[in-house]
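# Structural characterization, general
So you can see what is in the structure, the chains are spelled out below.
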Amino acid sequence: MESVTSDRQTDIALIKLVHASELASEDVKLSSIDRSASGILHDCAGIGYPEFFRSPHTRSLRTAEFHGNVYATDGRDEGKLFVRELQIGFMVNSMDRGRIRTRRLGAPPESEWAGLSGAAVFYRNRLIGIVIEHEPHLASNIISARATDSFLLRGNPVGEMLLGEHRALIGEDLKPPLPQIRRIATSTREPSVAQAALPIHPLVKSEAQRYRPVFLQYLNPEIRACYGRAYNTRWRERDLAEALQLTKICLLCTEHSLIFPASYLFEVPIMQPYLSRLAPLREMGLIQYSSHVPDMRDYIEHKAGEYRTDFRNPYSKRQGARIGGLTYRPLVGPSAADDIGEEWIDSIEEGALSATKRSLWSRWPTGLGDPSDILVSIPNRLEGRAFIARFVNEALPVSLAPTEAAEIAMFLSRSYLRSYLLRLDAAIVGRLPIGDFTCGLESDPGAAPRIVSWRMVVGALQYLGLREWLLDHASWVELAELSEVPELGVLVSLATDVDSEGMIRRAAVRARRRFQVTNSIGLPAAIERLSVLAEELLVDRLYRREGTDDDDL
């Protein structure tokens, strides 16, 4: 060893070895991450001597690799980065008789990652951080590291040495890559909508991860009309109460936010009192609205034109629900109307509208031309008006039968919902107590993994004795805190897979045996019960248990 340069503030030391040629590699560089925007570095890796991998017989240390993802902006202000280990599960701290045991609430924060400090974190051939500590309050699958950008600075002793004498060791900054894009075939012609192809957790079959925002489709007037739940002044209080209940479960199903289109601010009659009740979530930045136009005055002008022939034009008064505290998210790319128009044309001959075309053909008046040509021309016949059922009906030269009108309305709502889910990279909660509210997307291979089943989630919460507390007593702040608990993510992720319903039910029954069900419920008890359920679900998933054992039920 020739010299040691250290920095107490970052707890980093640089050791210069006398004979280091055998260890050196020209391909390995130190690089900082560009943390000015969000992004993900996949499969970051390192190797060390963590406590949990110690030999149980000799107590000697053994090397163990870790592999995980780094989210670019996590820990940016502290000069840290966090590696989310993909193979360790959630809150794992030991193995006992083949079952994963989870750390109970209130237990001492012992670290199974003790001994890993000093391990280098690599992304490909770039050293991006040094493991410094484990923070048990986060989760056992999260490893905390000191980011290289925190010490590659002038004025920092280690940074001065690296930027000066060892400048050749510094590589270019890494910009976290954007997700690869693949197109989803929703018809015979490839649509313009793209979906991010993101990695799937090894224990979770579904693609719908909780980092996606949840789209509040149950507030949409057109979708509600398809399910016989059109807004009515008479049922205003009922509709508001139902919307708030549904929103509580939606909040639990995402670590991101809740999102809706700006049109809701004008077209949903309960929107102002609804947003008023969600004030705590608005203050936490958990409610987003989206549109192509950021300026609300320009947006109103544009939408007023889309509804110009409608006596119920919701934009005529130029006034909607107040947006104070809401976060704006730009909607990039063509509008939903463009996506609907493309799918409309593709679906006439052999798609979802072919049966409607045949029905119209059977009673089509002579002299009106070919029904196919008329249907294909509908996007142009709307002349810039909103692509909604009542305007489509007006653009047709014949009156629709009730079944035909219902088929077209459902088609339009399904296409609208698909467009928003893919453009916003969002998920929805379906199979609701007031109706399915998926508009048939559960049979769409590109959209089905984005649908979380209300029935599965709430059913499991019912088994755990949490449903009443969550829906009737928990505050919005408590629900927001609970939504960030990793154990809840195990349940929500599996609730996107219809084949998991039986497994969730069996796991919930077994979990219920392991704690005493009482009427005294709060956030700590809810977290503990979800931890037990997550353990049972992970065990089922790891061991691919099928059917039921005698001791399961």
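Above this text sits the structure in question.
Residues numbered from 1 in each chain as written. Predicted model: local features only at pLDDT ≥ 70, side-chain atom pairs only at ≥ 80, totals over all residues. Heavy atoms only, no water.

To continue, consider the packing of aromatic side chains. Aromatic ring pairs are defined here through the distance separating the ring centres and the angle between the ring planes. Taken as a whole, this structure holds 13 aromatic pairs when the rule is applied. Their ring planes at 35° and their centres at 6.2 Å tell us that Phe266 and Tyr299 sit as a pair that is tilted. Pair noted here: Phe266 is in helix H4 (residues 264–267) and Tyr299 is in helix H7 (residues 296–306), with a separation of 33 residues, a long-range link. Under the relative-accessibility criterion, Tyr299 is labelled buried at 7%. Geometrically, the ring pair formed by Trp344 and Phe411 is edge-to-face, given 5.9 Å between the ring centres and 70° between the ring planes. Of this pair, Trp344 sits in helix H8 (residues 336–346) while Phe411 sits in helix H13 (residues 402–423), placing them 67 residues apart in sequence. Neither residue differs from the other here; Trp344 and Phe411 are each classed as buried. An aromatic cluster of at least three residues, connected via ring pairs, comprises Phe215, Phe260, Tyr264, Tyr416 and Tyr420. Over the ring of Tyr231 we find Arg224; its NZ or CZ atom is 4.4 Å from the centre of that ring. The aromatic ring of Phe391 is capped on one face by Arg385, whose charged end is 5.1 Å from the ring centroid. (Phe/Tyr/Trp six-rings, centres within 6.5 Å; stacked < 30°, edge-to-face > 60°. Helix = DSSP H or I, 4+ residues; strand = E, 2+ residues; numbered from the N terminus. Buried < 20%, exposed > 50% of the residue type's maximum accessible area, 1.4 Å probe, protein only. Lys NZ or Arg CZ within 6 Å of the ring centre and 35° of its normal.)

Our focus in this paragraph is a nonpolar patch on the surface. On the surface, a cluster of nonpolar side chains totalling about 250 Å² of accessible area is made up of Val4, Ile15 and Leu17. Examined against the element boundaries, Leu17 turns out to sit in the loop between strand S2 (12–16) and strand S3 (29–30). (Patch = residues over 30% accessible without salt bridge, like charges linked within 9 Å, V, L, I, M, F, W, Y side chains within 5 Å. Areas by Shrake-Rupley, 256 points an atom, 1.4 Å probe, with all protein chains shown as cover. Salt bridge = Lys/Arg side-chain N within 4 Å of Asp/Glu carboxyl O.)

Note on placement: Tyr71 falls in strand S5 (residues 64–71). The class for Tyr71 is partly exposed, based on a relative accessible area of 22%. For the pair Tyr71 and Leu81, spaced 10 residues apart in sequence, the C-alpha separation works out to 7.7 Å. The residues contacting Tyr71, other than those within four sequence positions of it, are Gly39, Ile40, Phe82, Arg84 and Tyr211. (Contact = heavy atoms within 4.5 Å.)

This part takes up the pattern of salt bridges. Throughout the structure, instances matching the rule amount to 25 salt bridges. Residue Arg84 is joined to Asp74 by a salt bridge in which the shortest nitrogen-to-oxygen separation is 2.5 Å. Highlighted residues: Arg84 in strand S6 (residues 80–85) and Asp74 in the loop between S5 and S6, separated in sequence by 10 residues. In this structure Arg84 comes out as partly exposed when scored by relative accessible area, which is 26%. Between Glu501 and Arg455 there is a salt bridge whose closest N-O contact spans 2.9 Å. Here Glu501 is found in helix H18 (residues 501–512), whereas its partner Arg455 is found in helix H14 (residues 454–463), with 46 residues between them in sequence. Here Arg455 falls in the partly exposed class, since its relative accessible area comes to 48%. Bridged by salt links that share partners, the residues Glu222, Asp310, Arg312 and Arg390 form one connected network.

Turning our eyes to something else, we now look at helix H17 (residues 486–494). Counted residue by residue, H17 has nine buried out of nine residues, so it is predominantly covered. Among all positions of H17, only Pro486, Glu487, Leu488, Gly489, Val490, Leu491, Val492, Ser493 and Leu494 are buried.

The contact between helix H9 (residues 354–361) and H13 brings their axes to 10 Å, and the two run at 155°. By the angle between their axes, H9 is roughly antiparallel relative to H13. For the pair H9 and H13, the sense of crossing is left-handed. The segment H9 lies against H13, with Thr356, Ser359 and Leu360 engaging Glu404, Glu407 and Ile408. Class assignment of the residues belonging to the contact of H9 with H13 gives a composition of two nonpolar, two polar and two charged. (Axes fitted to C-alpha atoms, helices over the stretch in contact; angles between N-to-C directions. Parallel < 35°, antiparallel > 145°, perpendicular 65-115°, else oblique. Left-handed = near helix turned anticlockwise from the far one by under 90°. Nonpolar A, V, L, I, M, F, W, Y, C, P; charged D, E, K, R; others polar.)

Let us now look at the environment of Tyr416. Looking at the secondary structure, you find Tyr416 in helix H13. Classification of Tyr416 as buried rests on a relative accessible area of 14%. The residues touching Tyr416, leaving out its near neighbours within four places in the chain, are Phe215, Asn220, Ile223, Pro261, Tyr264, Ala336 and Ile340.

Moving on to the nonpolar core. Counting residues in each nonpolar core, the largest one holds 120 residues, and the members touching the most others are Phe215, Leu219, Phe260, Met271, Tyr274, Trp344 and Leu482. Contacts of Leu219, omitting those with residues within four sequence positions, involve Arg224, Tyr231, Ala243, Tyr264, Val268, Ile270, Met271 and Tyr274. Ranked by size, the runner-up nonpolar core spans 18 residues in total, among them Val121, Tyr123, Ile128 and Val131. (Core = buried A, V, L, I, M, F, W, Y, C linked by side-chain atoms within 4.5 Å.)

A few words on the environment of Gly68. Among the structural elements, Gly68 can be located in strand S5. Distance in space between the C-alpha atoms of Gly68 and Cys44 is 5.3 Å, their sequence separation being 24 residues.

Strand S16 (residues 287–291) sits mainly inside the fold: five of its five residues count as buried. Residues Ile287, Tyr289 and Ser291 point to one face of S16 and Gln288 and Ser290 to the other, with burial holding for every one of them. One ladder, built from four bridges, connects strand S15 (residues 258–261) with S16; its direction is parallel. Looking at the pairing, Ile259 lines up with Gln288 of S16. The sheet contact formed by S16 and strand S17 (residues 327–330) spans four bridges and is parallel. Looking across to S17, one finds that Ser290 is bridged to Arg329. (Pairing = 2+ DSSP bridges.)

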